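Residues per chain are reported as follows:
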2 protein chains.
Amino acid sequence: MASPADALNAELVKQTEIFNKLRIENSNPAALEESRKRLGEIKRDLAALKPGGKDAKKRERLLLKTPKGTRDYGPGEMFCRDYVERIVKECFVLYGGAQLDTPVFERKDILAGKYGEDAKLIFDLEDQGGEQLALRYDHTVPLARYLAMGGANNTQSKLWQVGKVYRRDNPVMSKGRMREFSQADFDISGQWDPMIPDAELLSLLCTILTRLEVGEFTIKINHRKILDGIFEVCGVPPEKIRPISSAVDKLDKLPWSEVKKEMTEEKGLDPTTADKIGEYVKHKVGSRPLLDRLLADTSLTANVKAKQGLDEINILFTFLDAYKITDRVSFDLSLARGLDYYTGLIYEAIVEASAPPGFNAVEGLDPAPPTPAAAPKKKSKKGGPDEDEEIDESQVGVGSIAAGGRYDDLVGMFAAAASGDGKKAVGLPCVGVSIGLDRIFALLWPKWVERGMRSKEVFAYVLSAGGGLLPERMGLVQELRAQGIAADFLAKNKPKLNAQFAAGERDEVPYAIILGGDELNAGLVTVKEQRWEFVDGKKTKIESADKGTQVQRAELVQWLKTTTTFKDWSSGRLIQQ
Amino acid sequence: MASPADALNAELVKQTEIFNKLRIENSNPAALEESRKRLGEIKRDLAALKPGGKDAKKRERLLLKTPKGTRDYGPGEMFCRDYVERIVKECFVLYGGAQLDTPVFERKDILAGKYGEDAKLIFDLEDQGGEQLALRYDHTVPLARYLAMGGANNTQSKLWQVGKVYRRDNPVMSKGRMREFSQADFDISGQWDPMIPDAELLSLLCTILTRLEVGEFTIKINHRKILDGIFEVCGVPPEKIRPISSAVDKLDKLPWSEVKKEMTEEKGLDPTTADKIGEYVKHKVGSRPLLDRLLADTSLTANVKAKQGLDEINILFTFLDAYKITDRVSFDLSLARGLDYYTGLIYEAIVEASAPPGFNAVEGLDPAPPTPAAAPKKKSKKGGPDEDEEIDESQVGVGSIAAGGRYDDLVGMFAAAASGDGKKAVGLPCVGVSIGLDRIFALLWPKWVERGMRSKEVFAYVLSAGGGLLPERMGLVQELRAQGIAADFLAKNKPKLNAQFAAGERDEVPYAIILGGDELNAGLVTVKEQRWEFVDGKKTKIESADKGTQVQRAELVQWLKTTTTFKDWSSGRLIQQ
């Protein structure tokens, strides 16, 4: 294969010819200029590659790494991630969902105006002549775009999506806070009776988190209309409602004094108004008793929005009983959610293990004044031209592992903007939940490592006891695979028996099938079961005096399927215990 | 939810405050300028939004579409795509593979110099202060980067990846030629005996295409060393070998006369040399007899590279016999593959249905002079500011559905470039195959539509015969789902029975479970099986006089699991027949 210099030299020859041809043909000036530019680039790159070239050192050495905030996942990790994804997808199907897939990038104007203060985190694509594009920030906006375009007949639907989304945020890799991360979304669209779809989603979320065994979890709920009602009652001017709402949302990480400071100093809110808000959101967590207290607050219930929100929470509570998930849900007035598009119920799931240090997720007490979690320490730079610093991972919790809410106006807003006549288009109420798969992976992975999980599913390793027997080994693995038995062999002509055993053991293959020339002639093969034990984080093969079992070659497949713990790979992926 | 104008107004208030604060504090000029710029942008956006604003018409109206060359996949299509992906993944596991996942974008210098003439198709991300990034063009280069970084211990491995890749090419949507498309790759790395891993991959490819029932297919094979040997023997100068190779690769779409023209006029090759090449690549297709003819060509076997390539093909043929796939493989001297990084065996799978019109894929005759496939007609523009035209979809075949080859130097090249000292780093031989999932989907989807496949897997629909019974319906679906039975109900308080039946029928749910107040009190529910027939592309419910079966509520789950054709969704996804 050509070296970079060889490739550039070949390109130089080609481009020079093109350039000369264009010049001879008196081609149009733009094309000629384009060609001249390209030639210049190639020459510059070649010069930079030369050991004596200007900037040679800097440009010559390739930095072998993934982009900031992204990472590779190897076999062991993918085995765990695949397991998480499969459980989530199975639950989506159990709840009557159908799958949707949208492109990883969108036209930029589709994403504009949807994410409030976080819009600065959107990844843009370079304008290479054509559309202005950006990587998707979540699955919600693409779904709303799909529905507004008439997808799923733009009516009642239960749709789910699993895929990666992108945010130019400061990564905290070990806790699953990445610039590229996986989200699994489930959304219900359509005109339904109040809070029924919302309750379905809370039930779905409980089922998923329970089946994934993430540990004790709580789903915090609140209602945008209650929050907006509170803000109105306290006297927040309309244009400041969303910014003040963003400030309230930080109460799970900052003490009230800091949040108040942001409201007054940064966002120009009157301190008296801020204090009134504080009266509501400081005594914030509860269930029915909190709801009853708020329903008895006549200044609040006089506000139309607040009353509507409180009534809906009231209905929701009865549904939670029917779904038997009341004890998982906590009504929390300090939950606000950053995104602009929510209009009703909002929620966020947190697990004990994911709460920032010093913060009790279940009781939701005000945290102590600035903890390390609130103001994470910067790690000192080390090696490599990484342009900005990453946050010290040990100082931050995993955070919420799932969140969502109702967004009744987003689809209608797309339809109205597309019609362009300023008329209000017919909307489509929606409610959805996003599950942060990387955060769940970050919680589960240490347990998988602890349990010493395999990263491959090979069931049978085919060995030759002498003489190579390569065509015989190839023929047998081919036969096993055709029968749904994952099989492998060592890709050498005449491998030593020890080397073959070692290769099978590296993948912890449970059955070794040994071929011998004489035995094969007699129509026989030897099957040997292999077992491992996992003690103190170390996996060791259990040595056994067992020489294996002789099986008729013709009956081998049947024998493996009936005598062993075989699982058929051709009828759906299964997880080992 | 806030309208775009409301959101902008709120942002204006906030940014004005920030700007004033910066000015009062005598902040540094750069920050002040940044803030002033942001304010200007917001004001411009607001002005544009106003009905009377300059450019108001143009900017106000949102174009609701996916980016060029991309599309959404709805429930029915995803059901089919998911099926394809699952078959492919199961085969990857059967062949001893382990999963890898890499980021969707890479640092741009990782991709540079790997794709020859096609490098212009790379999607770049905007430089937003930080790294220069680009969307991945394939899975091979990211895999090589992963291995060079020491992934999978940088040694013997069988790794697979499934995911989307990106190319700024001219899309032909209906044939599965997209700018965003899904590829499934399987790669084997490590020092092995010649052609064993290569044969494994050809066998894997045959297994996958057979199980997916894509129709009759052929795998064309060739060897880069034979091609390079032919070029050397014919007298092609070293720096022109890759460009001339690219020209040869077009022989499946263009007649020899056109290819020769590209070699001589565009790429400056001596016409006599071109004719010599023609003698080899025109009589191009065959199996052992072709190999024997080439092995008897002493001027060719005197070339070290050509001899090495021919010997390897010879070994491969014996392995194909052991794998019983000889009749699937065709030795084709005109196959060259565009990518720079191949060093040995190369291959490409084509199906009858995917060959361009007028081209016989199996016999590989020279195509007739410029067919519509070779020079696709442009479709006339219609509505919308789509910046360039798409190719008329009816004029082009699906093309190859899988391809790959050996790339022994790519990992070593990364390692050498990263060490930066110019020394040759230790390499890692690799061979891989990429399967074009969109092209396979384009082949299978019409058959799915023909067969009237469902797009949802709901098994039981829970209805109320009167009085709403909402908590009872919620409780029952919850119980069914907990038992692995996909279930749903109508999200209304007191729905009419007809409306509920209609909703269940829309999703073709096979079992209706009807709740009645009195019946429930007696501990009973009614189960009614529902069937559909599919005639002449139309699906209709078979009306039946059957009133259903009364079942004990307490025994319902057991009854459903034993009496019906139930499939458990909690133990792996299954496909309906």
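Scroll up to find the structure.
Residues numbered from 1 in each chain as written. Chains lettered and ligands numbered in written order. Predicted model: local features only at pLDDT ≥ 70, side-chain atom pairs only at ≥ 80, totals over all residues. Heavy atoms only, no water.

1. So, helix H6 (residues 140-148) of chain B
All names here are of chain B.
Here is step 1 of the chain: Counting buried positions along H6 gives nine out of nine residues, so the element sits mostly inside the fold.
Here is step 2 of the chain: Listing the buried residues of H6 in full gives Thr140, Val141, Pro142, Leu143, Ala144, Arg145, Tyr146, Leu147 and Ala148.
Here is step 3 of the chain: Positive phi shows up at Gly150, right after H6, with a value of about 95°. (Buried < 20%, exposed > 50% of the residue type's maximum accessible area, 1.4 Å probe, protein only. Helix = DSSP H or I, 4+ residues; strand = E, 2+ residues; numbered from the N terminus.)

2. Concerning the sheet that holds strand S9 (residues 345-351) of chain B
Residues and elements named next belong to chain B.
Here is step 1 of the chain: Taken in spatial order, the nine strands of this open sheet run S1-S4-S5-S11-S10-S9-S6-S8-S7, and their pairing is mixed. Only two strands of the sheet have a single partner each, and these edge strands are strand S1 (98-99) and strand S7 (285-286).
Here is step 2 of the chain: Bridge count for S7 against strand S8 (residues 329-332) is two bridges, and the pairing is antiparallel. Counted as the bridge partner of Gly286 is Phe331 from S8. (Pairing = 2+ DSSP bridges.)

3. Looking at the pattern of salt bridges
Where side chains of opposite charge bring their charged atoms close, a pairing between them can arise.
Here is step 1 of the chain: The final tally for this structure, using the stated rule, is 62 salt bridges over all chains.
Here is step 2 of the chain: One salt bridge connects Lys65 of chain A with Glu131 of chain B, and the closest N-O pair in it is separated by 3.4 Å. Separated into two different chains, Lys65 of chain A in the loop between helix H3 (56-60) and helix H4 (75-94) and Glu131 of chain B in the loop between helix H5 (108-111) and strand S3 (133-135) make up a pair that spans both.
Here is step 3 of the chain: Residue classification places Lys65 of chain A among the partly exposed positions, given a relative accessible area of 23%.
Here is step 4 of the chain: A salt bridge links Glu232 of chain B to Lys305 of chain B; the nearest nitrogen and oxygen atoms lie 2.8 Å apart. In this pair, Glu232 of chain B sits in helix H8 (residues 224-234) while Lys305 of chain B sits in helix H14 (residues 304-322), placing the two residues 73 residues apart along the sequence.
Here is step 5 of the chain: Residue class for Lys305 of chain B comes out partly exposed when judged on its relative accessible area of 34%.
Here is step 6 of the chain: Members of the salt-bridge network, linked through shared partners, are Lys158 and Glu200 of chain A together with Arg481 and Asp488 of chain B. (Salt bridge = Lys/Arg side-chain N within 4 Å of Asp/Glu carboxyl O.)

4. Description of unusual backbone geometry
Here is step 1 of the chain: Phi at Glu213 of chain A is positive, roughly 55°, even though this residue is not glycine.
Here is step 2 of the chain: Locating Glu213 of chain A in the fold gives a position in the loop between helix H7 (196-211) and strand S6 (217-223).
Here is step 3 of the chain: With a phi close to 60°, Lys324 of chain B is a non-glycine residue in the positive phi region.
Here is step 4 of the chain: You can call Lys324 of chain B exposed: its relative accessible area is 67%.

5. Considerations on the side chain of Asp228 of chain A
All names here are of chain A.
Here is step 1 of the chain: Topologically, Asp228 is positioned in helix H8 (residues 224-234).
Here is step 2 of the chain: Using a relative accessible area of 12% as the deciding quantity, one classes Asp228 as buried.
Here is step 3 of the chain: Residues within four places of Asp228 in sequence aside, it is in contact with Ile241, Arg242 and Lys305. (Contact = heavy atoms within 4.5 Å.)

6. Section: the side chain of Arg136 of chain A
Residue and element names in this part refer to chain A.
Here is step 1 of the chain: In this fold, Arg136 is placed in the loop between strand S3 (133-135) and helix H6 (140-148).
Here is step 2 of the chain: Despite its burial, Arg136 remains without a salt bridge, the nearest opposite charge being carried by Asp101 at 4.9 Å.
Here is step 3 of the chain: At 3.4 Å, the side chain of Arg136 and the backbone oxygen of Pro103 are in polar contact.
Here is step 4 of the chain: Engagement of the side chain of Arg136 in a polar contact is seen with the backbone oxygen of Lys164, the distance being 2.7 Å. (Lys, Arg positive; Asp, Glu negative; His and termini not counted. Polar contact = N/O pair within 3.5 Å; in protein donor to acceptor, adjacent residues only side chain to side chain.)

7. Focus on the environment of Arg242 of chain A
Residue and element names in this part refer to chain A.
Here is step 1 of the chain: Relative to the elements of secondary structure, Arg242 occurs in helix H9 (residues 241-248).
Here is step 2 of the chain: Along the backbone, Arg242 and Gly130 are 112 residues apart, and their C-alpha atoms lie at a distance of 34 Å.
Here is step 3 of the chain: Not counting chain neighbours up to four residues away, the residues in contact with Arg242 comprise Arg224, Asp228 and Asp340.

8. With respect to a negative patch on the surface
Here is step 1 of the chain: On the surface, Glu126 and Asp127 of chain A together with Glu126 and Asp127 of chain B cluster together to form a negatively charged patch.
Here is step 2 of the chain: Within the secondary structure, Asp127 of chain B sits in the loop between H5 and S3.
Here is step 3 of the chain: Residue classification places Asp127 of chain B among the partly exposed residues on the basis of a relative accessible area of 39%. (Patch = residues over 30% accessible without salt bridge, like charges linked within 9 Å, V, L, I, M, F, W, Y side chains within 5 Å. Areas by Shrake-Rupley, 256 points an atom, 1.4 Å probe, with all protein chains shown as cover. Charge placed at Lys NZ, Arg CZ, Asp CG, Glu CD.)

9. Considerations on the sheet that holds strand S12 (residues 460-464) of chain B
Residues and elements named next belong to chain B.
Here is step 1 of the chain: Taking strand neighbours across the sheet as the criterion, the five strands line up as S13-S12-S14-S15-S18 in an open arrangement whose pairing is mixed. Each having just a single partner strand, strand S13 (487-489) and strand S18 (549-552) make up the two edges of the open sheet. Averaged over all pairs of adjacent strands, the angle between their axes in this sheet comes to 30°, without regard to strand direction.
Here is step 2 of the chain: In this structure, strand S15 (residues 524-529) lies alongside S18, joined through four bridges in antiparallel fashion. Note on S18: the bridge partner recorded for Thr526 is Gln550. (Axes fitted to C-alpha atoms, helices over the stretch in contact; angles between N-to-C directions.)

10. Concerning the relation of the copies chain A and chain B
Here is step 1 of the chain: Once chain A is rotated about the relating axis by 180° and shifted along it by 0.0 Å, it coincides with chain B to within an RMSD of 0.1 Å. Taken together, the rotation and translation relating the two chain copies correspond to the operation of a two-fold axis. (Least-squares fit on C-alpha atoms with pLDDT ≥ 70 in both.)

11. Some details on the interface of chain A and chain B
Here is step 1 of the chain: Counting residues at the interface gives 125 residues for chain A, matched by 124 residues for chain B.
Here is step 2 of the chain: For the pairing of chain A and chain B, the buried interface totals around 11300 Å² over both sides, and the portion due to carbon and sulfur atoms is 60%.
Here is step 3 of the chain: Here chain A and chain B share ten salt bridges between them.
Here is step 4 of the chain: Of the charged contacts in the structure, one is a salt bridge between Lys158 of chain A and Asp488 of chain B, with a shortest N-O distance of 2.7 Å. (Buried area = accessible area lost by both parts, 1.4 Å probe.)

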